[in-house]
Amino acid sequence: MAPDTQVNSVTIVGALSLATIGVMSVLADVDLEVLLLQAAVPTAIGISLIGYGWFRADSVVAAKHRTVLKWTTSGFLSFVILGFWFGEMASRADTSILLSIAGSLIVGAALGTVIGVYAARINRTNELLAETVSELEEANNRLAMKNEQLDQFVDVASHDLRNPVNVAKGRIELARENSDGEHLAKADAALERMDTLITDLVSLTKAGDQIDEVAPVNLDAVSQSAWGNVDTKDASLHVETELEISADESRTQQILENLFRNSIEHGGEDVTVRVGALPDGFYVEDTGAGISDDLRGQVFEDGVTTGGVGAGLGLTITEQISTAHGWEVDVEQSAEGGARFEFTDVEFPEK
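Computed from a predicted structure; not experimentally measured. (Residues numbered from 1 in each chain as written. Predicted model: local features only at pLDDT ≥ 70, side-chain atom pairs only at ≥ 80, totals over all residues. Heavy atoms only, no water.)

Participant: Teacher, can you tell me more about the overall build of the chain here?
Facilitator: Of regular secondary structure, the chain possesses 11 helices and 7 strands. Burial analysis of the chain (351 residues in total) assigns 30% to the buried set. Taking contacts inside the chain between residues at least 6 apart in sequence as the whole, the part at least 24 apart equals 72%. With an accessible surface of roughly 22100 Å², the chain has 58% of that area assigned to carbon and sulfur atoms. (Helix = DSSP H or I, 4+ residues; strand = E, 2+ residues; numbered from the N terminus. Buried < 20%, exposed > 50% of the residue type's maximum accessible area, 1.4 Å probe, protein only. Contact = heavy atoms within 4.5 Å. Areas by Shrake-Rupley, 256 points an atom, 1.4 Å probe, with all protein chains shown as cover.)

If you want it as structure tokens, here you go:
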């Protein structure tokens, strides 16, 4: 038994009971036989309370000591009245033994009824809890089955969609060997958009709110890796920190890739992107046109976009990954008037 549950309200009541009966036994002017008879039951009760409090009481008893002591006091005051009543009857020679027995039985029955009522309430509460747990387990199983079906659907859909996209891209490349007209360029742009849509939908559906093992991640290194996976055109990246954070490196890189693409799509091909440190996290900002006030509170919602080839899911995925890490992400305006994303409540590796 943990030390914090050994000395508790039950143990204290038991110890006080033994102390009280011990003092009264010393003060009582009765024969030893009578003393042992009268003190036997209270002594056994005190020892039982100490034994339960010391060896069997759980953390609830320790945490709810006021509740236990409240009912102890209520019981004490109730039996003070009963004690005087029994004492008054015992002191009279003309009392009826049958009425005394009947009174004792009624008191015992009432006490048992009160305990029974509370036991029934506790049992009912446990039954309701068991039913609730069972319903939650069933709901969780149904959700797991739906998620599995959704994963299977996404796998099939992405495979069946990517194949014709790749075939079409290959045909366009072959056609460009003979002609590089405007129609081919538009067709290629449409296929790029479809490929981006598939990537975003798969990412959002399958792993948007999941992270793997958390480890120290160098913000400079992961930013450079993310930059290398983006069509950066004439844009430039400035990482102004060597900060290390505790994160899932792959998912953090996905956040940065989404933000870098967002900056280039909306800020122009020559935009400058900066990554820097905050006291409790980091930020990513650019020198683009920024995000209007009326859209700032909506940019993390599904499908919200101000243009570009995406489906408006990149920032939704960014927020999901941040939430999975326990981070807060806010969108502000950078000093140059562009977009600034601040990630806070970020944990850092122990030195």
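On we go.
Participant: Hey, could you run me through the environment of V217 in this one?
Facilitator: Its location among the elements puts V217 in strand β1 (residues 215-218). In this structure V217 comes out as buried when scored by relative accessible area, which is 2%. Taking the C-alpha atoms as reference, V217 lies 8.7 Å from P349; in sequence the two are 132 residues apart. The contact partners of V217, leaving out residues within four places of it in the chain, are V222, L243, E244, I245, A247 and E249.

Participant: What exactly am I supposed to notice about a negative patch on the surface here?
Facilitator: A surface patch of like charges, here negative, comprises D280, E328, D330, E332 and D345. For E328, the location among the structural elements is in strand β6 (residues 328-333). (Patch = residues over 30% accessible without salt bridge, like charges linked within 9 Å, V, L, I, M, F, W, Y side chains within 5 Å. Salt bridge = Lys/Arg side-chain N within 4 Å of Asp/Glu carboxyl O. Lys, Arg positive; Asp, Glu negative; His and termini not counted. Charge placed at Lys NZ, Arg CZ, Asp CG, Glu CD.)

Participant: Honestly, a nonpolar patch on the surface in this entry has me stumped. Any pointers?
Facilitator: Among the surface-exposed residues, V7, I12, L16, W54 and F55 lie close enough to one another that they form a single nonpolar patch of about 530 Å² accessible area. The set of elements that each furnish at least two residues to the nonpolar patch consists of α2 (9-27) and α3 (32-56). Relative to the elements of secondary structure, V7 occurs in the loop between α1 (3-6) and α2. Assessed through its relative accessible area of 57%, V7 is described here as exposed.

Participant: Whenever I open this one, the layout of surface pockets confuses me. Can you help?
Facilitator: Sizing a probe to match a water molecule and rolling it over the atoms shows the empty space that remains. Considering only enclosed or pocket space, the largest pocket measures out at about 1700 Å³ in volume. Taken together, 36 residues line the largest pocket, and the ones lying closest to its centre are V13, T72, G75, F76 and F79. Every element with two or more residues in the lining of the largest pocket is listed here: α2, α3, α5 (65-91) and α6 (97-176). Top element by residues in the lining of the largest pocket is α5. It accounts for 12 residues. Broken down by class, the residue content of the lining of the largest pocket amounts to 26 nonpolar, 10 polar and no charged. (1 Å grid on protein atoms, 1.4 Å probe; cavity = no way out; pocket = protein on both sides within 12 Å on 5 of 7 lines; lining within 4 Å. Points joined across faces, edges and corners; volume = space filled by probe spheres on them. Nonpolar A, V, L, I, M, F, W, Y, C, P; charged D, E, K, R; others polar.)

Participant: Teacher, can you tell me more about the nonpolar core here?
Facilitator: A general tendency of soluble globular proteins is for nonpolar side chains to be buried together. I245, F260, F282, V284, W327, F341 and F343 are the most contacted members of the largest nonpolar core, which totals 35 residues. Of all the secondary structure elements, the ones that give two or more residues to this core are α8 (219-228), β3 (244-247), α9 (249-267), β4 (272-278), β5 (281-286), α11 (314-325), β6 and β7 (339-344). In terms of residues, this core owes the most to one element, α9, which gives 5 residues. With near-sequence residues (within four places) excluded, F343 lies in contact with I255, L259, L278, D280, G281, F282, T318, S322, W327, E328 and V329. (Core = buried A, V, L, I, M, F, W, Y, C linked by side-chain atoms within 4.5 Å.)

Participant: I would appreciate a short explanation of the side chain of T272 in the present structure.
Facilitator: With respect to the element layout, T272 can be found in strand β4. The class of T272 is buried, set by a relative accessible area of 16%. Here the side chain of T272 touches S236 through a polar contact of 3.3 Å, side chain to side chain. Residues contacting T272, with those up to four places away along its chain left out, are S236, H238, E285, D286 and T287. (Polar contact = N/O pair within 3.5 Å; in protein donor to acceptor, adjacent residues only side chain to side chain.)

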